Amino acid sequence: MARHNELGKWGEEIAAKYLIKHGYSIKERNWHLGTRDVDIIAITEDSKTIVFVEVKTREQDEIMDPADAVDRKKVKSIGYCANMYIKYFNLDMDILFDIITIVGNERSDAPKITHIEDAFNPCLA
C-alpha cells in the first residue's frame, strides 16, 4: 500500500476514535458509491442527525491547511453520496457535513485533531 494511503487509513482510524469519544456512533466507514466515497458516516449522540465526515490527514500543515484540500469537486461528490445514502436507507434525519483534519503520523504521540462541524453545504457548491 502506498505511504499516503497508509497515512490516510491511520487518520481515518484516529478520526473514528475521536468521534466515538465525543458521543457519535459510527454507521459506516469508507462508504462507496461507484468511484465516490464518504470517509465516515456517523450519528450524533441524540440520534437526530446524520453526519457525513471527510477526513484529511497530513504529516504537517505548514504549507497548507488540510481542510483546504476539500475542494468544490469533493464537496459535490460527498453531497451526491449523502443523497443516495439517505434515499437508500430511507432516512428522515437532520444532516451535517463535517471535516476532521489530522496532522501527524503513526509515530506521533498526540496528533493534532481539528473537527470542523457543519463545514460545508453541498447544495451551495
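You'll find the structure just up there.
Residues numbered from 1 in each chain as written. Predicted model: local features only at pLDDT ≥ 70, side-chain atom pairs only at ≥ 80, totals over all residues. Heavy atoms only, no water.

A. Representation of the sheet that holds strand β4 (residues 94–103) in the model. An order of β1-β2-β3-β4-β5 is seen for the 5 strands of this open sheet, with the pairing classed as mixed. One side of each edge strand has no neighbouring strand; the edge strands of this open sheet are β1 (25–33) and β5 (112–116). Between one strand axis and the next, the sheet turns by 25 degrees as a mean value, whatever way the strands run. Two elements, strand β2 (residues 36–43) and strand β3 (residues 49–58), share 4 bridges in a ladder whose sense is antiparallel. By the bridge assignment for β3, Ile41 is matched with Phe52. Of the strands in this sheet, β1, β2, β3 and β4 are in contact with helix α2 (residues 72–88), which crosses β2 at around 60 degrees. (Pairing = 2+ DSSP bridges. Helix = DSSP H or I, 4+ residues; strand = E, 2+ residues; numbered from the N terminus. Axes fitted to C-alpha atoms, helices over the stretch in contact; angles between N-to-C directions. Contact = heavy atoms within 4.5 Å.)

B. Representation of the environment of Lys56. Relative to the elements of secondary structure, Lys56 occurs in strand β3. Owing to a relative accessible area of 17%, Lys56 belongs among the buried residues under this scheme. Remark: the alpha-carbon pair of Lys56 and Tyr85, spanning 29 residues in sequence, is separated by 21 Å. For Lys56, the residues in contact, after removing those within four places along its chain, are Pro66, Ala69, Val70, Ile100, Thr101 and Ile102. Within the structure, the side chain of Lys56 is placed 3.3 Å from the side chain of Glu54, a separation counted as a polar contact. (Buried < 20%, exposed > 50% of the residue type's maximum accessible area, 1.4 Å probe, protein only. Polar contact = N/O pair within 3.5 Å; in protein donor to acceptor, adjacent residues only side chain to side chain.)

C. Unusual backbone geometry, seen in detail. Positive phi, normally seen in glycine, also occurs at Asn30, with a value near 55 degrees. Tracing the chain through its elements places Asn30 in strand β1. With a phi angle near 50 degrees, Asp118 is a residue other than glycine that sits in the positive phi range. As for its position among the elements, Asp118 is in the segment after β5.

D. Geometry of the nonpolar core. Judged by nonpolar contacts, the single largest core of 17 residues is most densely connected at Ile41, Phe52 and Phe120. Going through the elements one at a time, β2, β3, α2 and β4 are the ones with two or more residues in this core. The element contributing the most residues to this core is α2, with 6 residues. Ignoring sequence-local partners within four residues, the contact set of Ile41 consists of Ser25, Ile26, Lys27, Glu28, Trp31, Ile50, Val51, Phe52 and Tyr85. One finds Leu7, Val51, Val55 and Ile100 within the second-largest nonpolar core, a separate group that totals 15 residues. (Core = buried A, V, L, I, M, F, W, Y, C linked by side-chain atoms within 4.5 Å.)

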